[in-house]
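Listed below are the residues making up each chain.
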There are 2 protein chains.
Amino acid sequence: MPAATSVDSPPSLGRLARVRVVLVETSLSANMGAVARAMKTMGLSQLVLVRPQQQLDAEALARAAGADDLLARARICDTLTDALAGCRLVIGSSARARALAWPEVDPAGCAERLVEEAAEGEVALLLGRERSGLTNDELASCHYLARIPANPDYSSLNIAAAAQVFAYELRRRALTIGAPASGAGAPEQAALGSTQAGVHSGGDGSPPEELATADEMAGFYAHLEQTLVAIGFADPDQSRTLRRRLRRLFNRARPDRTELNILRGILSAAAGRKDPNRFRR
Amino acid sequence: MPAATSVDSPPSLGRLARVRVVLVETSLSANMGAVARAMKTMGLSQLVLVRPQQQLDAEALARAAGADDLLARARICDTLTDALAGCRLVIGSSARARALAWPEVDPAGCAERLVEEAAEGEVALLLGRERSGLTNDELASCHYLARIPANPDYSSLNIAAAAQVFAYELRRRALTIGAPASGAGAPEQAALGSTQAGVHSGGDGSPPEELATADEMAGFYAHLEQTLVAIGFADPDQSRTLRRRLRRLFNRARPDRTELNILRGILSAAAGRKDPNRFRR
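Just so we're clear, the structure is a prediction, and the values are computed from it rather than from any experiment. (Residues numbered from 1 in each chain as written. Chains lettered and ligands numbered in written order. Predicted model: local features only at pLDDT ≥ 70, side-chain atom pairs only at ≥ 80, totals over all residues. Heavy atoms only, no water.)

Colleague: Can you lay out the overall build of chain A for me, pointing to particular residues and giving the numbers?
Modeller: From N to C terminus, chain A includes twelve helices and seven strands. The contacts in chain A between residues at least 6 apart in sequence include a share of 83% that link residues at least 24 apart. Carbon together with sulfur atoms contributes 51% to the accessible area of chain A, which is approximately 12,000 Å² in total. (Helix = DSSP H or I, 4+ residues; strand = E, 2+ residues; numbered from the N terminus. Contact = heavy atoms within 4.5 Å. Areas by Shrake-Rupley, 256 points an atom, 1.4 Å probe, with all protein chains shown as cover.)

Following this line, the structure appears as structure tokens:
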């Protein structure tokens, strides 16, 4: 793919500015710095830290090298929901197979989806704790899991090394889309990141920028779970499997804003029927 | 490319055992450890250190994490020639464009060539110093330069991050070759790493394992340069550009062993005509 190396800045490179890299409860400041460096080498700029376990100290700055500006601008959040606010697509990195099957992509497929959706709005790549990765509940916030094909005997990539691989594929994808040969090369490019799961990318009626964002989905899930309790169906706090299955279902559907409003209307209506205050409304 | 993630160990994965990662004058032991980890996650096992600037200390072991076995088995060499002995193909990593044009590949093209040639024998990926990379003379030992497409405003990948990208592409390539769909997918795979430069991969007459190895080429170049002095043509020590141009020329040709013997016979003969001792032989 010589075009990818010879084209300096096709317009689609600008999409990389809409890709957030979200680190959840990272233990070591050195790793936060190293992730910043990996990001900047590939033209990514939005670093978000959820409950970082160390300060952005001298070690972080040393490892960031010339990417200290990304650290200085890093957003620090208390909750994953805050970190993902406004994102239309979320892909989580996962080192191992999960009990509950989730749509899975390789790094090229991850990049394909993130760069495609970044044309419309904000997207996020989620990287978990150094030792334990993402919890199942955190993964349930994701539309896809991304897995780097690794040595089954030793699959433990350093978090910054994983970030480098994902960032490399993101840049590669952004360069490919903008390259003049992208028309002719489209079949190969599609093959690069193809999986069985289709992507609802909008554009088939409603404008794609109206897809519900991650925070809107989080609000919906909270509403849904309250409603499940209210209507006496089940308490999702008692059944995490149920909670995750529901999330997987709705994440796969990728509702747009209007659809989400309809769903929430249904929830309100459903709860309202059991609501002791319903006659006051 | 779902096959790449779902196939555990096609036979071509074994080729990764023939890919040496050669680090030249690495400054920091932490980086040596981190490179070992990056290698092992992708199934590479041969680490070679040329004049490492620090001991393989506790910091190296900490960064290697579960890849300390690669560090323990790492070969330490005084010269690049020793490190490359027996290699039929050498690709050097290069962060910047060079004055003297050399055949260039991207990481996917690099992996394509190394994995293809590793079917026949040993190959090497050369990574230079953290700050200054490889010297032009070291690059002249390479058949290709490999460049990771990076942010032109900040292209400084950490050496272990670069190793992770190359190792990732090597594993990806090895998985693709062994995957059952490799026949059907071949055009896409070829497109992945295509460049303008052709590869002489043997198999067109002489058996491919007879290609001259890196140490044989080094011996030839030494012989050539002595001969140039002996015949009064030029002193390559006085003209580094000349030396590199010659290396580029012969590296591109990729002589097999028989051809190299012929060339050396010619050199001997040429020097012999100016050799004051020629009548004693």
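This is not the end of the story, as more comes after the structure.
Colleague: Give me the lowdown on a negative patch on the surface, citing residues and values where you can.
Modeller: Taken together, the side chains of Asp-57 and Glu-59 of chain A together with Asp-57 and Glu-59 of chain B present a region of like negative charge at the surface. Within the secondary structure, Glu-59 of chain B is located in helix H3 (residues 58-64). (Patch = residues over 30% accessible without salt bridge, like charges linked within 9 Å, V, L, I, M, F, W, Y side chains within 5 Å. Salt bridge = Lys/Arg side-chain N within 4 Å of Asp/Glu carboxyl O. Lys, Arg positive; Asp, Glu negative; His and termini not counted. Charge placed at Lys NZ, Arg CZ, Asp CG, Glu CD.)

Colleague: Kindly report on the sheet that holds strand S2 (residues 46-50) of chain B, identifying the contributing residues and their values.
Modeller: Residues and elements named next belong to chain B. Taken together, seven strands build an open sheet; the order of strands is S3-S2-S1-S6-S4-S7-S5 and the sheet is parallel. Two strands in the sheet have a free side with no partner beyond their single neighbour: strand S3 (75-77) and strand S5 (104-105). Where strand S4 (residues 87-93) lies against strand S6 (residues 122-127), five bridges are found, and the strand directions are parallel. The residue bridging Leu-89 from the neighbouring strand is Val-123, located in S6. Relative to S2, helix H2 (residues 29-41) is tilted by about 155°, and along the sheet it contacts strand S1 (19-24) and S2. Of the strands in this sheet, S1, S4, S5, S6 and strand S7 (144-146) touch helix H6 (residues 107-118), which is tilted by about 165° from S4. (Pairing = 2+ DSSP bridges. Axes fitted to C-alpha atoms, helices over the stretch in contact; angles between N-to-C directions.)

Colleague: Requested: an account of H6 of chain B, with residues and values cited.
Modeller: The end-to-end C-alpha separation of H6 of chain B is 16 Å, in line with the 16 Å expected for twelve residues at 1.5 Å each. Of all the positions in H6 of chain B, only Pro-107, Ala-108, Gly-109, Cys-110, Ala-111, Glu-112, Arg-113, Leu-114, Val-115, Glu-117 and Ala-118 of chain B are classed as buried. (Expected span 1.5 Å × (residues − 1). Buried < 20%, exposed > 50% of the residue type's maximum accessible area, 1.4 Å probe, protein only.)

Colleague: Explain the sheet that holds strand S3 (residues 75-77) of chain A to me, and be specific about the residues and the numbers.
Modeller: Residues and elements named next belong to chain A. Strand order in this open sheet of seven strands is S3-S2-S1-S6-S4-S7-S5, and the pairing throughout is parallel. Two strands close off the open sheet at either side, each with one partner strand: S3 and strand S5 (104-105). Strands strand S1 (19-24), strand S4 (87-93), S5, strand S6 (122-127) and strand S7 (144-146) of the sheet are contacted by helix H6 (residues 107-118), whose axis makes an angle of about 165° with S4.

Colleague: Account for the packing of aromatic side chains, naming residues and giving values.
Modeller: One pass over the structure, following the stated rule, counts seven aromatic pairs over all chains. The interplanar angle of 55° and the centroid separation of 5.4 Å between the aromatic rings of Phe-220 of chain A and Tyr-221 of chain A together place this pair among those described as tilted. Note on accessibility: Phe-220 of chain A and Tyr-221 of chain A belong to one class, buried. Between Phe-220 of chain B and Phe-250 of chain B, the ring centres sit 4.9 Å apart and the planes meet at 80°, which makes this aromatic pair edge-to-face. Here the residue Phe-220 of chain B occupies a position in helix H10 (residues 214-230), and Phe-250 of chain B occupies one in helix H11 (residues 240-253), the gap between them amounting to 30 residues. Take Phe-220 of chain B: its relative accessible area is 1%, and that puts it in the buried class. Take Phe-250 of chain B: its relative accessible area is 16%, and that puts it in the buried class. Put simply, the rings of Phe-220, Tyr-221 and Phe-250 of chain A touch in pairs and so form one group of aromatic residues. (Phe/Tyr/Trp six-rings, centres within 6.5 Å; stacked < 30°, edge-to-face > 60°.)

Colleague: With reference to specific residues and values, describe the pattern of salt bridges.
Modeller: Residue and element names in this part refer to chain A. Throughout the structure, instances matching the rule amount to 33 salt bridges over all chains. The partner of Arg-243 in a salt bridge is Asp-137, and the shortest N-O contact between them spans 3.1 Å. With a gap of 106 residues between them, Arg-243 in helix H11 (residues 240-253) and Asp-137 in helix H7 (residues 136-139) connect regions that are remote in the sequence. Assessed through its relative accessible area of 22%, Asp-137 is described here as partly exposed. The partner of Arg-172 in a salt bridge is Glu-169, with the nearest N and O atoms 3.2 Å apart. In this pair, Arg-172 and Glu-169 are both assigned in helix H8 (residues 159-178), three residues apart and thus about one turn of the helix distant.

Colleague: An account of the confidence of the model for chain A is requested, with residue identities and associated values reported.
Modeller: Residue and element names in this part refer to chain A. Averaged over every residue, the pLDDT of chain A is 82; the share at 70 or more is 81%. Low confidence marks residues 1-7, where pLDDT is under 50. Its contacts with residues over four positions away, or in another chain, come to 17 contacts. Throughout residues 274-281 the model reports pLDDT below 50, and contacts reaching past four residues in sequence, or to other chains, amount to seven contacts. (pLDDT = per-residue confidence, 0-100.)

Colleague: Please set out the side chain of Thr-26 of chain A residue by residue, giving values where relevant.
Modeller: Turning to its location among the elements, Thr-26 of chain A is positioned in the loop between S1 and helix H2 (29-41). Setting aside chain neighbours within four positions, we find Thr-26 of chain A in contact with Asn-31, Met-32, Pro-52, Gln-53, Gln-54, Glu-130 and Ile-159 of chain A.

Colleague: Any details on the side chain of Glu-138 of chain A? Residues and values, ideally.
Modeller: All names here are of chain A. Within the secondary structure, Glu-138 sits in helix H7. The exposure class assigned to Glu-138 is buried, which follows from its relative accessible area of 9%. Within the structure, the side chain of Glu-138 is placed 2.9 Å from the backbone nitrogen of Thr-135, a separation counted as a polar contact. Discounting chain neighbours no more than four positions away, the residues touching Glu-138 are Val-24, Arg-51, Leu-80, Leu-126, Arg-129 and Gly-133. (Polar contact = N/O pair within 3.5 Å; in protein donor to acceptor, adjacent residues only side chain to side chain.)

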